[in-house]
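Here are the chains, one letter per residue:
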Amino acid sequence: QVQLVESGGGWVKAGGSLRLSCAASGIIFRAASTGWYRQAPGKQRELVATITPGGSTNYGDSVKGRFTISRDNAKNTVYLQMNSLKPEDTAVYYCNVVLSDSPYYNWGQGTQVTVSS
């Protein structure tokens with residue numbers, strides 16, 4: 001059974017940084033594209049960053065240049081380094097395997113990120 005566990009969220013002032021982690025059991029991240037999603041209150045969940053098995057990355061326009069997705073194959077963990085945070089980055093952040101541009105597994109509990117102005 002696949003389990004996705006996100007961590008590293010918290011409260012930060014605008015301009016600050018956080019690093020999120022996503023650990024998995026039952027899957028090997030390096031074998032599939034993995035993405036970070038976020039869902040703000042009253043909004044749909046959106047994909048903000050992806051990393052392919054080969055290490056290529058892609059970002060949503062709203063986070064490009066500020067967020068960096070990476071993967072540690074030895075730890076089977078995917079990270080999201082978030083810099084220059086803005087209040088509009090406030091959301092619950094989730095990770096998942098991405099297949100055909102869609103999340104594949106059941107969602108984990110997510111990790112809350114709150115950015116104050």
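Quick note: structure is the one above.
Residues numbered from 1 in each chain as written. Predicted model: local features only at pLDDT ≥ 70, side-chain atom pairs only at ≥ 80, totals over all residues. Heavy atoms only, no water.

K.L.:
Got a sec to walk through the overall build of the protein? Specific residues and values, please.
P.N.:
Tallying secondary structure elements over the protein gives 0 helices and 11 strands in all. The C-alpha radius of gyration of the protein comes to 13 Å, within 12% of the 13 Å expected for a compact globule of 117 residues. For the protein, the spread of C-alpha atoms along the three principal axes comes to 40 × 25 × 25 Å. Taken over 117 residues, the protein has a buried fraction of 44%. Sequence-distant contacts in the protein: of pairs separated by 6 or more residues, those separated by 24 or more amount to 54%. Accessible surface for the protein amounts to roughly 6200 Å². Of this, 46% is attributable to carbon and sulfur atoms. Averaging the locations of the 11 positively and 7 negatively charged side chains of the protein gives two centres separated by 5 Å. (Helix = DSSP H or I, 4+ residues; strand = E, 2+ residues; numbered from the N terminus. Rg over C-alpha atoms; globule rule 2.2 N^0.38 Å. Buried < 20%, exposed > 50% of the residue type's maximum accessible area, 1.4 Å probe, protein only. Contact = heavy atoms within 4.5 Å. Areas by Shrake-Rupley, 256 points an atom, 1.4 Å probe, with all protein chains shown as cover. Lys, Arg positive; Asp, Glu negative; His and termini not counted. Charge placed at Lys NZ, Arg CZ, Asp CG, Glu CD.)

K.L.:
Account for the pairing of strand β8 (residues 77–82), naming residues and giving values.
P.N.:
Across the 6 residues of β8, 5 count as buried, placing the element largely inside the fold. When strand β3 (residues 18–25) meets β8, the two strands line up antiparallel, connected through 6 bridges. Bridge pairing links L20 to L80 in β8. Bridging between strand β7 (residues 67–72) and β8 involves 6 bridges; their strand directions are antiparallel. Across the sheet, T68 pairs through a bridge with Q81, a residue of β8. Between the antiparallel neighbours β7 and β8 lie 4 residues, among them N76 with a positive phi of about 50 degrees. (Pairing = 2+ DSSP bridges.)

K.L.:
Explain the environment of S116 to me, and be specific about the residues and the numbers.
P.N.:
For S116, the location among the structural elements is in strand β11 (residues 111–116). Residue S116 is classed as buried on the basis of its relative accessible area, which comes to 18%. Along the primary structure S116 and Y37 are separated by 79 residues, whereas in three dimensions their C-alpha atoms are 20 Å apart. Sequence-distant contacts of S116, that is, excluding residues within four places in its chain, are made with W11, V12, K13, A14 and P87.

K.L.:
Explain the pattern of salt bridges to me, using residue names and the numbers behind them.
P.N.:
Enumeration over the complete set of coordinates arrives at 4 salt bridges. For D89, the salt bridge identified is with R38, shortest N-O distance 2.9 Å. With D89 in the loop between β8 and β9 (91–99) and R38 in strand β4 (residues 34–39), the pair connects residues that are 51 residues apart, well separated along the chain. Note that R66 is salt-bridged to D89, the shortest N-O span being 2.7 Å. Taken together, the residues span a long stretch of sequence, with R66 in the loop between β6 (57–59) and β7 and D89 in the loop between β8 and β9 at a distance of 23 residues. What makes R66 buried here is its relative accessible area of 10%. Each of R38, E46, R66 and D89 takes part in a single network of salt bridges with overlapping partners. (Salt bridge = Lys/Arg side-chain N within 4 Å of Asp/Glu carboxyl O.)

K.L.:
Outline unusual backbone geometry, listing residues and values.
P.N.:
One non-glycine residue, N76, lies in the positive phi region at around 50 degrees. Along the chain, the position of N76 falls in the loop between β7 and β8. Located in the positive-phi region is D101, a residue other than glycine, with phi close to 65 degrees. Residue D101 is classed as exposed on the basis of its relative accessible area, which comes to 72%.

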